[in-house]
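# Descriptive analysis of the structure
These are the residues of each chain, in order.
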Amino acid sequence: MRVMVLVKASEESEAGVMPSTGALAEMGAYNEQLVKAGVMLAGEGLQASHKGVRIYFSGKERTVVDGPFAETKELIAGFWIWQVKSMAEAVEWAKRSPFQEGQLELRQVFETEDFGEALTPELREQEDRMRAQTAAQSQP
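Residues numbered from 1 in each chain as written. Predicted model: local features only at pLDDT ≥ 70, side-chain atom pairs only at ≥ 80, totals over all residues. Heavy atoms only, no water.

As a further point, take the pairing of strand β4 (residues 61-66). In terms of burial, β4 is a largely surface element, 0 of the 6 residues being buried. Note that strand β3 (residues 53-58) and β4 share 6 bridges and pair antiparallel. Bridging across to β4, Arg54 finds its partner in Val65. (Buried < 20%, exposed > 50% of the residue type's maximum accessible area, 1.4 Å probe, protein only. Helix = DSSP H or I, 4+ residues; strand = E, 2+ residues; numbered from the N terminus. Pairing = 2+ DSSP bridges.)

Glancing now at the sheet that holds strand β6 (residues 104-108). The antiparallel open sheet is built from 4 strands, whose spatial order is β2-β5-β1-β6. One side of each edge strand has no neighbouring strand; the edge strands of this open sheet are β2 (40-45) and β6. On average, each strand axis in the sheet is tilted by 15 degrees relative to the strand beside it, whichever way the strands run. Lying over the sheet, helix α3 (residues 87-95) contacts β1 (2-8), β5 (76-83) and β6, oriented at roughly 160 degrees with respect to β6. (Axes fitted to C-alpha atoms, helices over the stretch in contact; angles between N-to-C directions. Contact = heavy atoms within 4.5 Å.)

Right, let's talk about the side chain of Ser97 for a bit. Looking at the secondary structure, you find Ser97 in the loop between α3 and β6. The exposure class assigned to Ser97 is buried, which follows from its relative accessible area of 13%. Beyond its immediate chain neighbours, meaning those up to four positions away, Ser97 contacts Tyr30 and Leu104.

This brings us to the packing of aromatic side chains. Each aromatic ring pair is summarised here by two numbers: the centre-to-centre distance and the angle between the ring planes. For the coordinates displayed, the defined rule picks out 4 aromatic pairs. On the basis of an interplanar angle of 75 degrees and a centroid distance of 5.7 Å, the ring pair of Tyr30 and Trp80 is categorised as edge-to-face. Taken together, the residues span a long stretch of sequence, with Tyr30 in helix α2 (residues 21-36) and Trp80 in strand β5 at a distance of 50 residues. Ring plane angle 70 degrees and centroid distance 6.3 Å describe the contact between Trp80 and Phe99, whose orientation is recorded as edge-to-face. Of this pair, Trp80 sits in strand β5 while Phe99 sits in the loop between α3 and β6, and the two are 19 residues apart along the sequence. Since its relative accessible area comes to 34%, Phe99 is described here as partly exposed. Chaining the aromatic ring pairs together yields one cluster made of Tyr30, Trp80, Trp82 and Phe99. (Phe/Tyr/Trp six-rings, centres within 6.5 Å; stacked < 30°, edge-to-face > 60°.)

Laid out in structure tokens, this is it:
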């Protein structure tokens, strides 16, 4: 199963405070453990919300709102995508993270089979084709 691990923002991350060399080294070592174990599929930090936008949808209307966004506790500062056998395994990996403060949120990613009969053979073929194309695009 794939799990998205959401790293919640903090006042420091929203203020653009960069991590120390020591913190970067700790995170690098942790990420290396995840990669060597075959768990980490992707992972990135995100810039502060003042560099972002939100798009609100209401019927055919689209409203774009520039950041920053007020509720820091609701913001995401980064993410990982992990391949694990179970949510329990993901929790064990998350508990080993080098964070001293903060919050992680773990969410299971939908897989094709989760959609059942609603995902027709034609839609499944389209999904497979798009996955292959995005995989090819990510190759150097």
